[in-house]
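# Structural description and commentary
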Amino acid sequence: MSDDPTIDGPIAGRLLVATPLLGDPNFERTVVLMLAHGAEGAFGLVLNRPTGTRADELVPGWGERAAAPAVMFIGGPVGQNGVIGLHRGGAIDLNVPPELTDDAPDTVRLFAGSAGWAGGQLEDELAEGAWGVLDAEMREPFVANPDDLWSVVLRRQPGTLAWFANHPADPTVN
């Protein structure tokens with residue numbers, strides 16, 4: 001990835017990391033795992049918005065397999081009444097109990113809602129410098145300290161993109 005936070009290859013399977021230039025409070029300081037991207041739009045899950053609700057309270061069976069912290073995550077502002085399950089190999093069908101699933105994963109992350117963009121919307125935000133498109137590391141969707149993920153991902157980047165990790169949450173108190 002170059003210092004320029006624009007598209008450098010396919011987006012699906014990579015991370016979108018919000019820069020302070022993004023004006024949408026729904027995505028401030030977020031890290032989004034992109035699951036799909038095409039001419040019709042884009043779809044992903046915010047990895048660093050844990051809730052205080054235990055996953056096993058809302059998703060019996062699968063919730064007991066939730067990675068620490070074993071809580072529900074807000075995957076984004078779209079469709080928050082639905083739950084998406086993610087494991088190291090991709091999405092899982094939460095309608096089938098894990099005990100009835102061949103090779104059910106031991107560790108999952110559960111998200112209420114998702115992040116979505118209409119066709120061309122994400123490209124416009126990328127052109128404005130609102131997002132960095134970065135390679136994902138396999139452990140990132142399942143980190144134990146998701147609140148630190150934004151700064152951790154930015155700090156490992158080369159060049160000026162890493163500087164955003166030092167941006168205060170509230171610049172007026174800087």
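Residues numbered from 1 in each chain as written. Predicted model: local features only at pLDDT ≥ 70, side-chain atom pairs only at ≥ 80, totals over all residues. Heavy atoms only, no water.

## Details of the overall build of the protein chain
Heads up, the condition is: What counts as a helix is a DSSP run of H or I of at least four residues, what counts as a strand is a run of E of at least two, and both are numbered from the N terminus. Atoms counted for the radius of gyration: C-alpha only. Globule rule: 2.2 Å times the number of residues to the power 0.38. Residue burial is assigned from relative accessible area. The probe radius is 1.4 Å, only protein chains are included, and a residue is buried under 20% of its type maximum, exposed over 50%, and partly exposed in between. We call two residues in contact whenever any of their non-hydrogen atoms come within 4.5 Å of each other.
Across its full length, the protein chain carries three helices and nine strands. Listing each helix as α and each strand as β along the protein chain from the N terminus yields β-β-β-β-α-β-β-β-β-α-β-α. For 174 residues, the compact-globule estimate of 2.2 N^0.38 gives 16 Å, and the C-alpha radius of gyration of the protein chain, at 16 Å, lies within 12% of that figure. Dimensions along the principal axes, computed over C-alpha positions, put the protein chain at roughly 45 × 40 × 25 Å. The burial tally for the protein chain puts 41% of its 174 residues in the buried class. Long-range pairs, those at least 24 residues apart, make up 65% of the contacts in the protein chain between residues at least 6 apart in sequence.

## Topic: the pattern of salt bridges
Keep this limit in mind: Within this document, salt bridges are pairs made up of a side-chain nitrogen of Lys or Arg and a carboxyl oxygen of Asp or Glu, the two lying within 4 Å of each other.
Taken as a whole, this structure holds six salt bridges when the rule is applied. In this structure, arginine 14 and aspartate 135 form a salt bridge, with 3.0 Å as the shortest nitrogen-oxygen distance. Residue arginine 14 is found in the segment before strand S1 (15-18), and its partner aspartate 135 is found in the loop between strand S9 (131-134) and helix H3 (149-155); the two are separated by 121 residues along the sequence. Between glutamate 57 and arginine 54 there is a salt bridge; the shortest N-O distance is 3.9 Å. Through salt bridges that share partners, Glu137, Arg139, Glu140 and Arg156 make up one connected network.

## Some details on the side chain of arginine 109
What counts here: N or O atoms within 3.5 Å of each other form a polar contact, as long as, within protein, one can give a hydrogen and the other can take it, and as long as residues adjacent in sequence are counted only when both atoms are side-chain atoms.
Structurally, arginine 109 can be placed in strand S8 (residues 109-118). At 3.0 Å, the side chain of arginine 109 forms a polar contact with the backbone oxygen of alanine 67. A distance of 3.1 Å separates the side chain of arginine 109 from the backbone oxygen of proline 141, its partner in a polar contact. In this structure arginine 109 touches Ala67, Ala68, Pro69, Phe73, Ile84, Gly85, Leu86, Pro141, Phe142 and Val143, once residues within four positions along its chain are discounted.

## Details of the side chain of arginine 14
When its relative accessible area of 9% is taken as the criterion, arginine 14 is described as buried. A distance of 3.0 Å separates a polar atom in the side chain of arginine 14 from a polar atom in the side chain of aspartate 135.

## A word on the pairing of S9
Here is the rule: Pairing between strands requires that DSSP locate at least two bridges from one strand to the other.
Neither face of S9 is left uncovered, since the one carrying Trp131 and Val133 and the one carrying Gly132 and Leu134 both have all their residues buried. Here S1 pairs with S9 via four bridges, running antiparallel. If you follow alanine 18 over to S9, its bridge partner there is tryptophan 131.

## Concerning the confidence of the model for the protein chain
Defined as follows: Within a predicted model, pLDDT stands for the predictor's per-residue confidence, ranging from 0 to 100.
Residues at a pLDDT of 70 or more form 94% of the protein chain, whose mean pLDDT is 90. The least confident element of the protein chain is strand S7 (residues 90-92), whose mean pLDDT is 91; the most confident is strand S5 (residues 71-74), at 98.

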